[in-house]
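One-letter residues, chain by chain:
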Amino acid sequence: MKVPQLIISAFMARSFFILASPTTHVDARTPPTLLIHGGHDQLVRQENLTFLDHLLAEADVPHETIVLGYAQHGFDYNSNGWGSQITESVLLDFLAKYTAAKN
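Quick caveat, the model's predicted, so the values are computed rather than measured.

Engineer: Could you give an account of the overall build of the protein, naming the residues involved and the relevant values?
Structural biologist: When helices and strands are tallied, the protein shows three helices and two strands. Relative to its full complement of 103 residues, the protein shows a buried share of 21%. Pairs at least 24 apart in sequence give 67% of the contacts found in the protein among residues at least 6 apart. In the form shown here, the protein has an accessible surface area of approximately 7,900 Å², with 61% of it arising from carbon and sulfur atoms.

Engineer: Summarise the packing of aromatic side chains; cite the residues concerned and give the values.
Structural biologist: Going through the model one piece at a time under the given rule, you end up with two aromatic pairs. A centroid spacing of 4.8 Å and a plane angle of 65° characterise the contact between Tyr70 and Trp82, whose relative ring orientation is edge-to-face. Linking Tyr70 in the loop between β2 (63-68) and α3 (82-99) with Trp82 in helix α3, this pair joins segments that are twelve residues apart in sequence. For Trp82, a relative accessible area of 43% gives the class partly exposed.

Engineer: Explain the nonpolar core residue by residue, including any values.
Structural biologist: Of all hydrophobic cores here, the largest spans eight residues; its members are Val26, Leu35, Leu49, Leu52, Leu55, Leu56, Ala59 and Val61. Per-element tally for this core: the top contributor is helix α2 (residues 46-58), with four residues. Residue contacts for Leu35: discarding those within four places in its chain leaves Leu49, Leu52, Asp53, Leu56, Glu64, Thr65 and Ile66.

Engineer: Tell me about unusual backbone geometry, and please be specific about residues and values.
Structural biologist: Although it is not a glycine, Asp60 sits at a positive phi angle of roughly 60°. Along the polypeptide, Asp60 turns up in the loop between α2 and β2. Exposure remark for Asp60: the relative accessible area of 70% places this residue in the exposed category.

Engineer: How would you summarise the pattern of salt bridges if you had to cite specific residues and measurements?
Structural biologist: Inspection of the entire model under this criterion finds three salt bridges. Arg29 is the salt-bridge partner of Asp27, the closest N and O atoms lying 2.6 Å from each other. Where Glu64 meets Lys97, a salt bridge forms, and the shortest distance between an N and an O atom there is 3.4 Å. Pair noted here: Glu64 is in strand β2 and Lys97 is in helix α3, with a separation of 33 residues, a long-range link.

Engineer: How would you sum up α3? Please name residues and give values.
Structural biologist: Taking 1.5 Å as the rise per residue, α3 with 18 residues should run 26 Å; its terminal C-alpha atoms sit 25 Å apart, in good agreement. Among the residues of α3, Gly83, Ser84, Thr87, Val90 and Phe94 are the ones counted as buried. Down the axis of α3, the sector holding all buried residues measures 135°, keeping them to one side. Check the buried side of α3 and you find it contacts β1 (33-38) and β2.

Engineer: Please provide a residue-by-residue account of α2, values included.
Structural biologist: Taking 1.5 Å of rise per residue, 13 residues should cover 18 Å, and α2 covers 19 Å from first to last C-alpha, within 8% of that figure. Within the sequence span of α2, burial applies to Leu49, Leu52, Leu55 and Leu56. When α2 is viewed along its axis, its buried side chains cluster within an angular range of 130° and face the same direction. The secondary structure elements touched by the buried residues of α2 are β1 and β2. Within two residues after α2, Asp60 carries a phi angle of roughly 60°, on the positive side.

Rules of the game
- Residues numbered from 1 in each chain as written.
- Predicted model: local features only at pLDDT ≥ 70, side-chain atom pairs only at ≥ 80, totals over all residues.
- Heavy atoms only, no water.
- Helix = DSSP H or I, 4+ residues; strand = E, 2+ residues; numbered from the N terminus.
- Buried < 20%, exposed > 50% of the residue type's maximum accessible area, 1.4 Å probe, protein only.
- Contact = heavy atoms within 4.5 Å.
- Areas by Shrake-Rupley, 256 points an atom, 1.4 Å probe, with all protein chains shown as cover.
- Phe/Tyr/Trp six-rings, centres within 6.5 Å; stacked < 30°, edge-to-face > 60°.
- Core = buried A, V, L, I, M, F, W, Y, C linked by side-chain atoms within 4.5 Å.
- Salt bridge = Lys/Arg side-chain N within 4 Å of Asp/Glu carboxyl O.
- Expected span 1.5 Å × (residues − 1).
- Arc of directions from axis to C-beta.

Here you go:
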């Protein structure tokens, strides 16, 4: 009886991954979204970014997508490093744009 239990476990694991994915939850109510990705990310494939970018565009969600071609995963870990400096500037501009007081 171990095989059915394995099948159920694999199905449940897949279901949890689907529920955890941000791509599952994109719709018109999604807030403005900033995507920043390292072009040399060794853990997350750039196709994931492209897919999410496409879904956000289809749902008319305001978003910005930036790929730092030379950056690896966790490029902004060092708060004084070049990756963090670029990210901080982009993030502050994004927040100013989408959180500005509406008159």
